[in-house]
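# Coordinates in review
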Amino acid sequence: MKSLLFAECFKLFRQSKTYYAVASLLIIEGIILISAYFEGTNIINILLDNLRKTFYLKGNLLNGNLLQYLVLNTLWFHLPLIIMIVVSGMLTAEYKDKTVQTIFLQPVRKWKWILSKYIIAVGFTAFIVGLLFITSYWLCNVFFGKGDLVVYLDGLSFFSAKDASNRIQWAFLAGTISMVFFAVSSLTIAVILKDVTKTWIVCALFLIICNVLLKIDLGTDWLNQFSFFKLNDTWQYFFQYDIPYSRIWLNWLISLFYIITIASVGIIIFQKRDIG
Amino acid sequence: MISGINISKQYLGIKVLNDVSIHCQSGQICGLLGANGAGKTTLFKILLGLVTPDSGNIIVEAASKKRIGGIIEKPALYEYLSALDNLRIFASIQQLPTNRTTLEKYLLRVGLPLNRKDPVANFSMGMKQRLGIAIALLNNPSCLILDEPFTGLDPMGVVSLRSLIRQLTQEFQLAVFLSSHILEDLNQLCSRLYVLQNGKLIRQGNTQAIMLECTQQYIITAKNLRQSNMLHQWEHQLQGDTLKIHIQPTQVPDFLSALALEKIEITSCIPQPDLLLLFEGGKE
């Protein structure tokens, strides 16, 4: 298994498309930061317009913490999309180039090989989200400095700089779990479809549906609690004044259940199918 | 030794292989001949374990963990990696040593240069075929299956690959199966031949015997063919120095002797197997 993991990692980081994906994410992050700087001023002005009439607000609210929070808010389409393209490509490229045949002409177990792809997909996703966290933390704090965070979720909440930084770190962790869900789903879609273009289209459709359904009230508490697309909002709980830890842990457990189930389905399908 | 016994396979109700049995001994090269769509690749995929047959058995006598090595259609390699890195990947996934010296030995075994560090995407088809064979031979399989190995090669590449296949078969006592629809390739390499048509085995046996059985025409080239008087007794076509003649294989020695007696300077005599007879058993 160790050698399979090494091989997958080696292949992933020897392909130029991986670096294109990382570079495009960093470019998008830069663009978001620049636009967030200007949008951030407007948002703060709108949010605090009434408060300024009653209260005296001291300090710079357009700071690194707010920008990092805005970056977090804007990551939920292009980040999973790029991760899904790279991760599904780990398998569809093998089908396209027929290297999957060469692999299974060696004494390699099918389930071990595909499992190693799932493990590397999870690792790569964590690496990407970690990279975005580090770069956004560094860029936001170097260029905009630290400060208290103001967010609007059902109402205005203010967090001290230290508390805000802590909440942002947890939110990135929650985001990682959501991204892993999308990465694992894209690999299972690739197992089913095999074809590069079809996989991309279905991955994009899946992502769009998840994002649309995330914002729709499904009518019953049960569906709102347990549907996988609703779990992608878990990171927002870290910006409620009192963090609902029990709800977050439950969401993470359910997400983990979905991730393991979807990966297992992919492994079973791959194991049962002929390679040729 | 490798045997496929009574192998059948159908896709969407269409029988692509119908009760096919083939066999190849260690140190022997066997050919599989058939037109496009005859079922050659499917049969090889089944022998290699990439496709499950609907019925039939595959028996391979092998001491190694990897029983069969092979290439299907064309060598499928990681085009963005160098030859050495390709070998490293395929060696590492089967827990073989991946140190540089060992990997370079594999490259030398198939006659690949050690100084190419660029991605295999830049390699010629001949070099890719050689690298594909090096990968197929990792872990010392006792059988080698090569599906259309000469496709896309220039004449020099074909000659060189033929010689490599011959050499490896002898050196490692491999049982080698190779497919092609080019008769010349199979005729030169294979001691035994199987002919597939629409998923059914229509001929099998000694390659030379099958070729002779299906040969009723020869092309003879000679400088002064027009001076021959005995030619008129035969059905023939003469164009410049080239003679196309309908003749039975058993009559060839006498025919050539007669031409020689007439002082005709023969430079070549090439049998022309009847493709319809060979590929389709003579059916229209």
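The rules behind the values
- Residues numbered from 1 in each chain as written.
- Chains lettered and ligands numbered in written order.
- Predicted model: local features only at pLDDT ≥ 70, side-chain atom pairs only at ≥ 80, totals over all residues.
- Helix = DSSP H or I, 4+ residues; strand = E, 2+ residues; numbered from the N terminus.
- Buried ≥ 20, exposed ≤ 12 C-beta atoms within 10 Å, placed from the backbone.
- Contact = placed C-beta atoms within 7 Å.
- Rg over C-alpha atoms; globule rule 2.2 N^0.38 Å.
- Pairing = 2+ DSSP bridges.
- Nonpolar A, V, L, I, M, F, W, Y, C, P; charged D, E, K, R; others polar.
- pLDDT = per-residue confidence, 0-100.
- Axes fitted to C-alpha atoms, helices over the stretch in contact; angles between N-to-C directions.
- Parallel < 35°, antiparallel > 145°, perpendicular 65-115°, else oblique.
- Left-handed = near helix turned anticlockwise from the far one by under 90°.
- Core = buried A, V, L, I, M, F, W, Y, C linked by C-beta atoms within 7 Å.

### Describing the overall build of chain B
- The number of helices and strands found in chain B is 9 helices and 13 strands.
- In terms of overall dimensions, chain B has a C-alpha envelope of 70 × 50 × 30 Å along the principal axes.
- Evaluated residue by residue, chain B yields a buried proportion of 37% over its 284 residues.
- Of all intrachain contacts in chain B linking residues separated by at least 6 positions in sequence, the fraction that spans at least 24 positions is 72%.

### A short note on the overall build of chain A
- Looking only at helices and strands, one finds 10 helices and 2 strands in chain A.
- Scanning chain A from its N terminus toward the C terminus, one meets helices and strands in the order α-α-α-α-α-α-β-β-α-α-α-α.
- By the compact-globule yardstick of 19 Å for 276 residues, chain A fits well, its C-alpha radius of gyration being 21 Å.
- In chain A, buried positions account for 38% of the 276 residues.

### As for the pairing of strand β12 (residues 242-246) of chain B
Residues and elements named next belong to chain B.
- Burial along β12 is one-sided: the face carrying Leu 243 and Ile 245 is buried and the face carrying Thr 242, Lys 244 and His 246 is not.
- As paired strands, strand β10 (residues 215-222) and β12 are joined by 5 bridges and run antiparallel to one another. Residue pairing in the sheet places Ile 220 in a bridge with Leu 243 of β12.
- Relative to β12, strand β11 (residues 236-239) is paired through 4 bridges, and the arrangement is antiparallel.

### Description of the interface of chain B and chain A
- Counting residues at the interface gives 26 residues for chain B and 21 residues for chain A.
- A per-element tally of the side of chain B that touches chain A places helix α2 (residues 83-92) of chain B first, with 3 residues.
- Its residues assigned to classes, the side of chain B that touches chain A shows 15 nonpolar, 7 polar and 4 charged.

### Some words on helix α8 (residues 252-261) of chain B
- Counting buried residues along α8(B), only 1 of its 10 residues qualify, which leaves the element largely exposed.
- Looking one or two places after α8(B), you find B:Lys263, whose phi comes out positive at around 60 degrees.

### Examining the confidence of the model for chain B
- In this model, chain B carries a mean pLDDT of 86, and residues with pLDDT of at least 70 account for 99%.
- For this predicted complex, the interface score ipTM comes out at 0.78, alongside a pTM of 0.83.

### Things to note about the packing of helix α4 (residues 125-136) of chain B against helix α5 (residues 155-172) of chain B
Residues and elements named next belong to chain B.
- At a closest axis distance of 10 Å, the pairing of α4 and α5 adopts a crossing angle of 15 degrees. Taken together, α4 and α5 sit at an angle that is classed as roughly parallel. For the pair α4 and α5, the crossing hand works out as right-handed. Counting all contacts with α4, which are made through Met 125, Gly 126, Gln 129 and Arg 130, the residues of α5 involved are Gly 157, Ser 160, Leu 161 and Leu 164.

### Re the sheet that holds strand β5 (residues 68-71) of chain B
Residues and elements named next belong to chain B.
- With mixed pairing, the 6 strands of this open sheet are ordered in space as β5-β6-β7-β3-β8-β9. For this open sheet the edge positions go to β5 and β9 (200-206), each flanked by a neighbour on one side alone. Geometrically, the sheet is characterised by an average inter-axis angle of 15 degrees between neighbouring strands, direction not taken into account.
- Pairing between strand β8 (residues 192-197) and β9: 6 bridges, direction antiparallel. Residue Leu 196 lies in a different strand from β9, and its bridge partner there is Leu 201.
- In the packing of α4 onto the sheet, the strands contacted are β5 and β6 (143-147), and the crossing angle to β5 comes to about 160 degrees.

### Description of the nonpolar core
- In this structure, A:Ala183 and B:Val176 are the most contacted members of the largest nonpolar core, which totals 134 residues.
- Tallying contributions element by element places helix α7 (residues 161-193) of chain A first for this core, with 16 residues.
- The residues touching A:Ala183, leaving out its near neighbours within four places in the chain, are A:Ile83, A:Met84, A:Val87, A:Ala121, A:Val122 and A:Thr125.
- Core analysis: the next-biggest nonpolar cluster, separate from the first, contains 8 residues, B:Ala222, B:Ile245, B:Leu259 and B:Ile264 among them.

### So, helix α3 (residues 64-74) of chain A
- Of all 11 residues in α3(A), 9 are buried; the element is thus mostly enclosed.
- Along α3(A), the residues classified as buried are A:Gly64, A:Asn65, A:Leu66, A:Leu67, A:Gln68, A:Tyr69, A:Leu70, A:Val71 and A:Leu72.

### Quick notes on the packing of α3(A) against helix α6 (residues 110-144) of chain A
Residue and element names in this part refer to chain A.
- Put simply, α3 and α6 touch, their axes get as near as 8 Å, and they point 145 degrees apart. Crossing geometry of α3 relative to α6 is assigned as right-handed. Of the residues in α6, those touching α3 at Gly 64, Leu 67, Gln 68 and Val 71 are Ser 136, Tyr 137, Cys 140, Asn 141 and Phe 144.
- Looking at the contact of α3 with α6, its residues break down into 5 nonpolar, 4 polar and no charged.

### Observations concerning the sheet that holds strand β4 (residues 55-60) of chain B
Residues and elements named next belong to chain B.
- If you walk across this open sheet you meet the 3 strands as β2-β1-β4, and the pairing is antiparallel. Since the sheet does not close on itself, it has two edges, and those belong to β2 (14-24) and β4, each with one partner. Averaged over all pairs of adjacent strands, the angle between strand axes in this sheet comes to 15 degrees, irrespective of strand direction.
- Two strands pair when backbone bridges link them, and strand β1 (residues 2-11) and β2 are joined in this way by 7 bridges, in the antiparallel orientation. By the bridge assignment for β2, Ile 2 is matched with Cys 24.
- In the packing of helix α1 (residues 40-47) onto the sheet, the strands contacted are β1, β2 and β4, and the crossing angle to β1 comes to about 120 degrees.

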